[in-house]
Amino acid sequence: MTSQRLNVYEEASRCLLCKDAPCTKACKNGDPARAIRAIRFDNHKLALHWVCECSDADLERAEQSCIHYNWPIRIREMLRSIHEDDALPVNSLDKLENAPSLGIDFCGIRCENPFFLASSAVCTNYEMVAKAFELGWAGVFYKTITMQDIREVSPRFDAMHDNGTHGDFYGFRNMEQLSELPVDEDFDILRRLKQNYPTKIVVASIMGQSVEEWVLLARKVEEAGCDAVELNFSCPQMKYEGMGSDVGQSAELVRQYTVCVKRCVSIPVITKMTPNITHITEPASACIEAGADGLSAINTIKSVTMAVDSEVSGHLTISGYSGRAVRPIAMRYVLELAQMANIGRVELSGIGGIETWRDALEFIQLGCSNVQVCTSVMQYGYRIVEDMILGLQRYMVKRGITDVRQLVGERVPKFLSPDSLDRDTVIYPKFNREQCVGCGRCVVSCSDGGHQALEFDAVTRTPKLLGSKCVGCHLCRLVCPTGAIGVSKRVAKKK
């Protein structure tokens, strides 16, 4: 059986992404930590840029300094596994300086790129937002401001991990509500942010409990010099009635509050929609009819986790779920908004499980002019925006695209209703024998969860496709841990 090249993404996912990384400190002529981070966030073709001047001795010292709790990251083997034909030249980052700008208009506001912080724990004070701006984030939807007295519980977070793992969670539950700061302090922060970072976009998120409160807060937003105001109709864990997702489920209420805010301010008004509803298009249409300039989607999804360590004085509650696990659900809602008949009058801002530039690209291709990020910043820090920017720039160069706007909504026409899909052709799986390690996972899954279309040779440890039984469902391809199963050409189904 052929020896396998190290899976660079799998190994990079083991990296702890350390602050002041010991591996880089031990390396005299490069930055292996930055190279690994590039791989982790879907930029492996650029990774060698940060280690191009490293000697074997440099990388060996870096590997020996690794503080991983199990065994050191195989830095040398990982970087050598990036085939020369699969890597961009080491000067590729220099060439990207001449790449198309990532600038894009959102609700008439010019943004330096599409990447924003979402209204959440990642943007609760001046210092945090200023740091994010310095690292390259184009703007912020500042943590929601309200007139109510907000007192948070402890603990207020929980996460979904694979068994026995820590730190790298795929789902995140939070019971956090809105800003705990005094209203005047929040607006002073917003005023200073806009004064000190005039090219950055400052959007204030607000939530009222009455028309009077919505109007008062919206006027304060405009007086603070903010670029736009976001109306939070979607927080799933408010302790006050008539706020958050309670409002977002009512077309009548979102229309009423959007109208009153539009009448009292001249800056763009963006409404944040709740996913905790059967038909998101109903309140969204009401917002559009009321004059909203943009729609943000989605906020967190109501959920339950049951970890004892996350109990609050022995009790639990329903609260919001986020992280990469919710991304397909978020994209479903964004797609539904993009397909609305009257959507051309507003801009979309996508939220939900975005970690990499490719995640962001998918939201853009579904119609979003910008994206908002929260949970992945909480996991990995503001620094992830560097790879978002580089990845999107490289993608545009590769496709010869000169304007991000060319990507907005380009894949929406590909989505059809189930009854319109092609049901007369099939694509069979294609097996790469050199890449197969003989684990038999594909056979187990096809036998017990598919169409019994695979046989397993126990002597050679190889799967065999039974063409007469295969329906082209591709379960085998999805469970293969080595990527040894690909796709063949689409052909007509046999009669």
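Right above here is the structure, for reference.
Analysis parameters
- Residues numbered from 1 in each chain as written.
- Predicted model: local features only at pLDDT ≥ 70, side-chain atom pairs only at ≥ 80, totals over all residues.
- Heavy atoms only, no water.
- Helix = DSSP H or I, 4+ residues; strand = E, 2+ residues; numbered from the N terminus.
- Rg over C-alpha atoms; globule rule 2.2 N^0.38 Å.
- Buried < 20%, exposed > 50% of the residue type's maximum accessible area, 1.4 Å probe, protein only.
- Contact = heavy atoms within 4.5 Å.
- Areas by Shrake-Rupley, 256 points an atom, 1.4 Å probe, with all protein chains shown as cover.
- Lys, Arg positive; Asp, Glu negative; His and termini not counted.
- Charge placed at Lys NZ, Arg CZ, Asp CG, Glu CD.
- Pairing = 2+ DSSP bridges.
- Axes fitted to C-alpha atoms, helices over the stretch in contact; angles between N-to-C directions.
- Phe/Tyr/Trp six-rings, centres within 6.5 Å; stacked < 30°, edge-to-face > 60°.
- Parallel < 35°, antiparallel > 145°, perpendicular 65-115°, else oblique.
- Left-handed = near helix turned anticlockwise from the far one by under 90°.
- Nonpolar A, V, L, I, M, F, W, Y, C, P; charged D, E, K, R; others polar.
- Core = buried A, V, L, I, M, F, W, Y, C linked by side-chain atoms within 4.5 Å.
- Salt bridge = Lys/Arg side-chain N within 4 Å of Asp/Glu carboxyl O.

Novice: Explain the overall build of the chain to me, please; I cannot follow it from the model alone.
Specialist: Within the chain, the regular secondary structure consists of 18 helices and 18 strands. In terms of overall dimensions, the chain is globule-like: its C-alpha atoms have a radius of gyration of 25 Å, near the 23 Å expected for 495 residues. Taking the principal axes of the C-alpha coordinates as reference, the chain spans close to 75 × 65 × 55 Å. Going through the 495 residues of the chain one by one, you find that 53% of them count as buried. Taking the intrachain contacts of the chain between residues at least 6 apart in sequence as the baseline, contacts between residues at least 24 apart amount to 72%. Working note: accessible area of the chain is about 23,300 Å², and carbon and sulfur atoms make up 50% of it. One finds the centroid of the 57 positive side-chain charges in the chain at a distance of 6 Å from the centroid of its 61 negative side-chain charges.

Novice: Honestly, the sheet that holds strand E7 (residues 201-207) in this entry has me stumped. Any pointers?
Specialist: Paired through their backbone hydrogen bonds, the strands of a sheet run either parallel or antiparallel. Overall, parallel pairing links the eight strands, which are arranged E3-E4-E7-E8-E9-E10-E13-E14 in a closed barrel. Looking at each pair of strands side by side, their axes are set apart by 25° on average, direction ignored.

Novice: Is there a simple way to explain helix H14 (residues 357-365) in this structure?
Specialist: Since the α-helix packs 3.6 residues into each turn, any two residues three or four apart lie on the same face. Counting buried residues along H14, seven of its nine residues qualify, which places the element largely inside the surrounding structure. Burial in H14 covers these residues: Trp357, Asp359, Ala360, Leu361, Phe363, Ile364 and Gln365. Structurally, H14 contributes buried residues whose contacts are with strand E3 (115-117), helix H13 (327-338), strand E13 (347-351), strand E14 (368-373) and helix H16 (384-399). Following H14 by one or two positions, Gly367 adopts a phi angle in the positive range, close to 115°.

Novice: So what exactly am I meant to see when it comes to the sheet that holds strand E5 (residues 157-160) here?
Specialist: Sheet architecture is open: four strands sit in the order E5-E6-E12-E11, paired in antiparallel fashion. In this open sheet, the two edge strands, each paired with only one partner strand, are E5 and strand E11 (301-303). Across the sheet, the axes of successive neighbouring strands diverge by a mean angle of 35°, strand direction being ignored.

Novice: Sorry, what's going on with the packing of aromatic side chains here?
Specialist: Geometry of an aromatic ring pair is reported as the spacing of the ring centres plus the angle between the planes. Considering all chains together, one arrives at eight aromatic pairs under this definition. A ring pair is formed by Trp214 and Phe233, whose centres lie 5.3 Å apart and whose planes are at 65°; its orientation type is edge-to-face. With Trp214 in helix H9 (residues 211-223) and Phe233 in the loop between strand E8 (228-232) and helix H10 (245-248), the pair connects residues that are 19 residues apart, well separated along the chain. For the pair Trp214 and Phe233, one class covers both residues: buried. An aromatic cluster of three or more residues is present, and its members are Phe157, Phe169 and Phe172.

Novice: Would you mind showing me how to read the packing of H13 against H14 here?
Specialist: Relative orientation and spacing of two packed helices are given, respectively, by the angle between their axes and the distance between those axes. Direction vectors running N to C along H13 and H14 enclose 20°, while the axes themselves pass 10 Å from each other. One element, H13, and the other, H14, form an angle in the roughly parallel class. Of the two elements, H13 crosses H14, and the hand of that crossing is right-handed. Residues Arg327, Ala330, Met331 and Val334 of H13 form the contact with H14, whose participating residues are Asp359, Glu362 and Phe363.

Novice: How do you make sense of unusual backbone geometry when you look at a structure like this?
Specialist: Trans peptide bonds make up most of the peptide bonds, and negative phi angles are found at most residues other than glycine. In this model, Ser154 is joined to Pro155 through a cis peptide bond whose omega is -10°. Topologically, Pro155 is positioned in the loop between strand E4 (139-146) and E5. In this model, Ala297 is joined to Ile298 through a cis peptide bond whose omega is 10°. Inspection of the secondary structure puts Ile298 in the loop between strand E10 (294-297) and E11. Phi at Asp42 takes a positive value of approximately 70°, unusual for a residue other than glycine. One can find Asp42 in the loop between helix H3 (32-40) and helix H4 (56-64).

Novice: Help me understand the environment of Val308, please; the structure alone is not making it clear to me.
Specialist: Relative to the helices and strands, Val308 is located in the loop between E11 and strand E12 (319-322). Taking C-alpha positions, Val308 is 9.9 Å from Asp158, a pair spaced 150 residues apart along the chain.

Novice: What should I look at first to understand the packing of H9 against helix H11 (residues 251-264) in this one?
Specialist: The N-to-C vectors of H9 and H11 enclose an angle of 40°; their axes lie 9 Å apart at closest approach. Here H9 is positioned oblique relative to H11, judged by the angle of their axes. As for the relative orientation of H9 and H11, their crossing is right-handed in sense. Judged by residue contacts, Val211, Trp214, Val215, Ala218, Arg219 and Glu222 of H9 engage Gln256, Tyr257, Cys260, Val261 and Cys264 from H11. Within the contact of H9 with H11, the residues separate by chemical class into eight nonpolar, one polar and two charged.

Novice: Is there a simple way to explain the nonpolar core in this structure?
Specialist: Generally speaking, nonpolar side chains in soluble globular proteins are found buried as a group. With 127 residues, the main nonpolar core has Phe115, Leu117, Trp137, Leu190, Trp214, Val261 and Leu295 as its most contacted residues. Residues within four places of Trp137 in sequence aside, it is in contact with Phe115, Phe116, Leu117, Ala132, Lys200, Val373, Val377, Tyr382, Ile384, Val385 and Met388. Counting 12 residues, the second-largest nonpolar core is a separate cluster that includes Cys442, Cys446, Ala453 and Cys480.

Novice: What is the right way to look at the side chain of Arg327 in this model?
Specialist: Checked against the element boundaries, Arg327 lands in helix H13. The residues touching Arg327, leaving out its near neighbours within four places in the chain, are Gly352, Gly353, Asp359, Glu362 and Phe363.

Novice: Explanation requested: the pattern of salt bridges in the structure shown.
Specialist: Should their charged atoms come close, side chains of opposite charge can pair. Inspection of every chain in the model, using the stated rule, returns 27 salt bridges. Its salt-bridge partner being Arg61, residue Asp58 comes within 2.5 Å of it at the nearest N-O pair. Highlighted residues: Asp58 and Arg61, both in helix H4, separated by three residues, approximately one helical turn. Residue Arg61 is classed as partly exposed on the basis of its relative accessible area of 31%. Lys194 is paired through a salt bridge with Asp227; the nearest N and O atoms lie 2.8 Å apart. Taken as a pair, Lys194 in helix H8 (residues 183-196) and Asp227 in the loop between H9 and E8 lie far apart in primary sequence, 33 residues in all.

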